[in-house]
Amino acid sequence: MPLHPDAIAFLELREQMGVRPANELTVAEARAQGIRTCPVAGPDDAVGHVHDRTVPGPAGDIPARIYGPPGVGAGHPPLPVIVYYHGGGWVIGNLDTDDVRCRQLCRSANAVVVSVNYRHAPEDRFPAAAEDAYAAVKWVAENAAQMGEDPQRIAVCGASAGGNLAAVVSLMAKDRGGPAIAYQALIVPVTNDSFDTVSYQECAEGYGLTRDAM
């Protein structure tokens, strides 16, 4: 099956930027490469406002970035809120690497987006990331009303490792009696630890993320 032209352009751009598989890099190099390749995501979408803050977590403050949609003034009806978790194998990534995606979500869903920079391995191993992810959505639920958000319309969203965290947070909320999560959007989530699936065999190399890197 031929690749979509957009996928070909994406892979060619990665090659031009000298992107290397994460398993060939140190942790520091992989994180630096993630920042360096942010432009691959495309141009920034304009939103109404962006501000950085921290939210309380089980091991200290968790960095977060809050995006508000454009054209929303004082006295607006409560907005839905999306709690977003970035990808990167639970090791790479931060608020900047997924900034464009959060802006796109904010505009297209007309929702507040709260991007969460959970703790990463290898410095902080499992379940640190999951506990931070849960603490963040719990904080959003407890403070949504006073921030002009709708506590009845809280969604969780993430890409790759972040998609895993969004799914895990939904299960944690169910097991722990809240908060209520109305929707989950999982973007290429890691939900299976098997490397023996057909896609892992047929797409092991040549498509950006390799089997060895995973």
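Details of the structure are given in the entry above.
Residues numbered from 1 in each chain as written. Predicted model: local features only at pLDDT ≥ 70, side-chain atom pairs only at ≥ 80, totals over all residues. Heavy atoms only, no water.

## Some thoughts on unusual backbone geometry
Both trends apply: most residues other than glycine have a negative phi, and most peptide bonds are in trans.
Phase 1 of the analysis: Residues alanine 121 and proline 122 are joined by a peptide bond in cis, for which omega reads 5°.
Phase 2 of the analysis: One can find proline 122 in the loop between strand S4 (112-116) and helix H4 (128-143).
Phase 3 of the analysis: Residue proline 179 is bonded to the preceding glycine 178 through a cis peptide linkage, with omega at 5°.
Phase 4 of the analysis: Structurally, the position occupied by proline 179 is in the loop between helix H5 (161-175) and strand S6 (183-187).
Phase 5 of the analysis: Positive phi is not limited to glycine here, since tryptophan 90 has a value of about 65°.
Phase 6 of the analysis: One can find tryptophan 90 in the loop between strand S3 (79-85) and helix H3 (99-109). (Helix = DSSP H or I, 4+ residues; strand = E, 2+ residues; numbered from the N terminus.)

## Focus: the packing of aromatic side chains
Phase 1 of the analysis: Counted according to the given criterion, the structure contains one aromatic pair.
Phase 2 of the analysis: Ring geometry for phenylalanine 195 and tyrosine 200: centres 5.0 Å apart, planes at 50°, overall tilted.
Phase 3 of the analysis: You can call phenylalanine 195 partly exposed: its relative accessible area is 31%.
Phase 4 of the analysis: Owing to a relative accessible area of 17%, tyrosine 200 belongs among the buried residues under this scheme.
Phase 5 of the analysis: Positioned above the aromatic ring of tyrosine 134, the side-chain terminus of arginine 176 is 4.8 Å from the ring centre. (Phe/Tyr/Trp six-rings, centres within 6.5 Å; stacked < 30°, edge-to-face > 60°. Buried < 20%, exposed > 50% of the residue type's maximum accessible area, 1.4 Å probe, protein only. Lys NZ or Arg CZ within 6 Å of the ring centre and 35° of its normal.)

## As for the pairing of S3
Phase 1 of the analysis: Summarising burial for S3: six of the seven residues are buried, a large majority.
Phase 2 of the analysis: Note that S3 and strand S5 (residues 149-159) share six bridges and pair parallel. Opposite valine 83, over in S5, you have valine 156 as the bridge partner.
Phase 3 of the analysis: Both S3 and S4 contribute to a ladder of five bridges, which runs parallel. Across the sheet, the residue bridging to tyrosine 85 is valine 116, located in S4.
Phase 4 of the analysis: In the classification by handedness, the crossover that spans S3, the intervening H3 and the parallel S4 is right-handed. (Pairing = 2+ DSSP bridges. Right-handed = clockwise from strand over helix to strand, strands pointing away.)

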